[in-house]
Amino acid sequence: SSESLYHSVHSQIFTLPDQCLLYPAHDYTGQTVTTVGEEKRLNPRLSKSLSEFIAIMNNLNLPYPKQIDEALPANMVCGLQGNPGEPHR
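Notes on the structure follow. (Residues numbered from 1 in each chain as written. Predicted model: local features only at pLDDT ≥ 70, side-chain atom pairs only at ≥ 80, totals over all residues. Heavy atoms only, no water.)

### Quick word on the side chain of Thr35
(1) Moving on: Positionally, Thr35 belongs in strand E2 (residues 34-35).
(2) Moving on: Among the polar contacts listed, one links the side chain of Thr35 to the backbone nitrogen of Glu38, at a separation of 3.0 Å.
(3) Moving on: What Thr35 contacts, discounting residues up to four positions off in sequence, is Asp18, Gln19, Cys20, Leu21 and Leu22. (Helix = DSSP H or I, 4+ residues; strand = E, 2+ residues; numbered from the N terminus. Polar contact = N/O pair within 3.5 Å; in protein donor to acceptor, adjacent residues only side chain to side chain. Contact = heavy atoms within 4.5 Å.)

Printed below as a string of structure tokens:
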């Protein structure tokens, strides 16, 4: 949910030191590194209030993500493929 995402970022990432480096995985502008401080100040969504963030997210009208049905289960087990109970090779 948008509210959970907002609270998660603000309580976990935004409590780190401002100079802490972040490596965004979903930045489509070519930015490979940022800082907590930059994101607090400049992130076009997360620098807003909770109610503004929710409104923005609810109006993005994004299509269902391609390959989400394959990616999400893998992400839930830290990207490991196969059965979570199998030994690592």
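### Things to note about the packing of aromatic side chains
(1) Moving on: For the coordinates displayed, the defined rule picks out one aromatic pair.
(2) Moving on: When the centroid spacing of 5.3 Å and the interplanar angle of 50° are considered together, the rings of Tyr6 and Phe53 count as tilted. Taken as a pair, Tyr6 in helix H1 (residues 2-13) and Phe53 in helix H3 (residues 50-58) lie far apart in primary sequence, 47 residues in all.
(3) Moving on: For Phe53, a relative accessible area of 2% gives the class buried. (Phe/Tyr/Trp six-rings, centres within 6.5 Å; stacked < 30°, edge-to-face > 60°. Buried < 20%, exposed > 50% of the residue type's maximum accessible area, 1.4 Å probe, protein only.)

### Concerning unusual backbone geometry
Only a minority of non-glycine residues have a phi that is not negative, and only a minority of peptide bonds are not trans.
(1) Moving on: Despite not being glycine, Asn61 shows a phi value in the positive range, around 50°.
(2) Moving on: With respect to the secondary-structure elements, Asn61 resides in the loop between H3 and helix H4 (68-76).
(3) Moving on: In this structure Asn61 comes out as exposed when scored by relative accessible area, which is 69%.

### Some details on the pattern of salt bridges
(1) Moving on: Counted according to the given criterion, the structure contains one salt bridge.
(2) Moving on: Salt-bridge contacts for Asp18 lead to Lys40; the nearest nitrogen and oxygen are separated by 2.8 Å. Of this pair, Asp18 sits in the loop between H1 and strand E1 (21-22) while Lys40 sits in helix H2 (residues 36-42), placing them 22 residues apart in sequence.
(3) Moving on: Accessibility expressed as a relative area gives 40% for Asp18, which makes it partly exposed. (Salt bridge = Lys/Arg side-chain N within 4 Å of Asp/Glu carboxyl O.)

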